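In case you want the letters, here they are:
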Amino acid sequence: MIARKPIARSVVFALVLVCQGVLAAEIGVELELGIGQTDNITRTPDTAIDPAIDDTIYTARFGLDIAHESARADVDLRSQLTWLAYQDGPYDSETLPALDGTAIFRISDEVLSWFARGSVGQQSIDPFRPVTPENRQDVTYLTTGPTVSIPLGARSALRGDAWYSVVQYDGQPLDNTRTGGQIGFVRQMNPRRSLSLNVRAEKTEFDEDILFPEIDRTDAFLGFDTEGARNEVVVELGFTRVKRLDDETEEPLATVEWRRQVSPATALTLTGGTQVSDAADSFRDRQGGSLELGDVQNQQNVTAPFREDFAGVSIDYSGTRTSLNFGGRWTQEDYADSVLAGFDRDVQQFIVNASRRLGGSWMLSGFGSVNRRDYDDLGRQDDDLSIGASVTWQRPR
């Protein structure tokens, strides 16, 4: 059995302490206690040899959100720690960390800055088995590096980014490091609109390099950004080249994100496109866009990159006392290696969250999600349904 590493929990506390050091930060705190009952804690077929086991689950959750924006630093952090205790089942109590945070520190006005991003959470070990305490693992994905912007006249600039990433899994030998950089020529068409030509390269090296050869990835793309009073649009168009040993593939890169402020309380976001991704990048993207930060992700623990076609929609309403979130996402994952064709799949996800402030610092929340994974080559379809409710004490920011 692989030894589990405590790095994820250390990362949560380290980033929280760093962010708490930022002056004038807006801090939100949540405390939640819960109790649940299951008639099959091990998710077994309930046979004479492998019977189902009833269990009571006690939950305590601490959440901390930090937001800070100033001339020198921008920080946006969501984090939580969840403690689970099992009364009768075969599992020991456990603490699950979750985090999604970014920070930008401006060292020199508009020229040099330093960025950091952290994603911590859980994902399944075997994607074809139900999620249980023995079929999930902590995942940590940390990135940091500098950004340099050199003005080339009044409306143009040369921008360069460099980064170093560490990805760790506490349940499988998939740990890796990533070293990359991007250079782009940016033309400011007007104060709210820009056009850029970019080249990005990244090398992924695995700790178990005999089992998993390194991967070289190069992107070349045209970028377009525009921001109006109620609309924001980000577009990337180009291609991606991936090389691993003697195998080299080339895929199109085309992504678009449109955010529309429908009303002062309601926002609509549409996303879509095609791109090259892998299990770690997919984990980070979904962790960042998750309405429920502590959800256990179903990721395929394959080191090879894949082409990802996707489309998504989300609607967010934030009223004085009521908040509603609706989200839907379709993803198709295709591996270029025919040996991995069994991992090709279509994923559909639908999520709804609702919360109502009861008065003071108390909030009533409910959520529901449906996930479907179709494996055409295997003739297999997996469905997950989750529903729940909670009463939470919340310290407003």
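What counts and how
- Along every chain, residues carry numbers that run from 1 in the direction the sequence is written.
- It should be noted that, the model being predicted, local features are given only for residues of pLDDT at least 70 and side-chain atom pairs only at 80 or more, the latter also being counted only at that level, while totals for whole chains, interfaces and linings use all residues.
- The side-chain figures draw on all heavy atoms in the structure; neither hydrogens nor water molecules are used.
- Each helix is a run of H or I in the DSSP string that is no shorter than four residues. Each strand is a run of E no shorter than two, and both are numbered from the N terminus.
- For the radius of gyration, the atoms used are the C-alpha atoms, and the globule rule reads 2.2 Å times the number of residues raised to 0.38.
- Under the scheme applied here, a residue whose accessible area is under 20% of the maximum for its type counts as buried, over 50% as exposed, and between as partly exposed, the area being computed with a 1.4 Å probe on protein chains only.
- Contacts are assigned to residue pairs with any non-hydrogen atoms lying within 4.5 Å of each other.
- Computed by Shrake-Rupley with a 1.4 Å probe, the accessible areas treat only the displayed protein chains as cover when residues are assessed.
- Only four residue types enter the tally: Lys and Arg on the positive side, Asp and Glu on the negative side; His and the chain ends are excluded.
- Charge placement uses NZ in Lys and CZ in Arg. For Asp and Glu, CG and CD serve respectively.
- Patch members must show over 30% relative accessible area and no salt bridge, and they are joined within 9 Å when carrying like charges or within 5 Å when they are nonpolar side chains of Val, Leu, Ile, Met, Phe, Trp or Tyr.
- The rule for a salt bridge is simple: a side-chain nitrogen of Lys or Arg has to be within 4 Å of a carboxyl oxygen of Asp or Glu.
- A pair of Phe, Tyr and Trp rings is counted when the ring centres sit within 6.5 Å of each other, with Trp represented by its six-membered ring. The angle between the planes then sorts it: under 30 degrees is stacked, over 60 is edge-to-face, the rest tilted.
- Note on criteria: charge over ring means Lys NZ or Arg CZ within 6 Å of the ring centre, with the direction from the centre no more than 35 degrees off the ring normal.
- The nonpolar core is taken to be a set of buried Ala, Val, Leu, Ile, Met, Phe, Trp, Tyr and Cys residues, with the residues joined through side-chain atoms within 4.5 Å.

1. Here we look at the overall build of the chain
Next, step 1: A tally of helices and strands in the chain yields two helices and 19 strands.
Next, step 2: A compact globule built from 397 residues would reach a C-alpha radius of gyration of about 21 Å, and the chain, at 22 Å, matches this within 12%.
Next, step 3: Here the chain, with 397 residues, has 41% of them falling under the buried criterion.
Next, step 4: Taking contacts inside the chain between residues at least 6 apart in sequence as the whole, the part at least 24 apart equals 55%.
Next, step 5: When the accessible area of the chain is evaluated, it comes to approximately 20,900 Å², of which 58% is carbon and sulfur surface.
Next, step 6: Positive and negative side-chain charges of the chain, numbering 39 and 61 respectively, have mean locations separated by a distance of 8 Å.

2. Some remarks on a negative patch on the surface
Next, step 1: There is a patch of like negative charges on the surface, built from D39, D46, D50, D54 and D88.
Next, step 2: Relative to the helices and strands, D50 is located in the loop between β1 (26-38) and β2 (55-69).
Next, step 3: Taking relative accessible area as the criterion, D50 reaches 36% and is therefore assigned partly exposed.

3. Concerning the packing of aromatic side chains
Next, step 1: Counted by the stated rule, this structure contains six aromatic pairs.
Next, step 2: On the basis of an interplanar angle of 70 degrees and a centroid distance of 5.8 Å, the ring pair of Y86 and Y91 is categorised as edge-to-face. Each member of the pair, Y86 as well as Y91, carries the same accessibility label: buried.
Next, step 3: Measuring from ring centre to ring centre gives 6.4 Å for Y335 and F343, while their planes differ by 65 degrees; the resulting arrangement is edge-to-face.
Next, step 4: Residue classification places F343 among the partly exposed positions, given a relative accessible area of 25%.
Next, step 5: An aromatic cluster is built from F128, F306, Y335, F343 and Y375, whose rings are joined through pairwise contacts.
Next, step 6: One cation-aromatic arrangement involves R284 over Y141; the distance from NZ or CZ to the ring centre is 3.7 Å.

4. Points about the nonpolar core
Next, step 1: In this structure, V139, Y141, V167, Y169, L174, F206, F212, I215, V242, V276, A280 and F283 together form the largest nonpolar core, which totals 12 residues.
Next, step 2: Broken down by secondary-structure element, the contributors of at least two residues to this core are β6 (136-151), β7 (156-169) and α2 (279-289).
Next, step 3: In this structure F212 touches P173, L174, F206, R244 and T303, once residues within four positions along its chain are discounted.
Next, step 4: Counting residues in each nonpolar core, the second largest holds eight residues, with V29, I66, L99 and A103 among its members.

5. Notes on the environment of L222
Next, step 1: Along the chain, L222 turns up in strand β10 (residues 215-227).
Next, step 2: Separated by 117 residues in sequence, L222 and F105 have C-alpha atoms that sit 26 Å apart.
Next, step 3: With sequence-adjacent residues up to four places away left out, L222 is seen in contact with L195, S196, L197, V235, E236 and L237.

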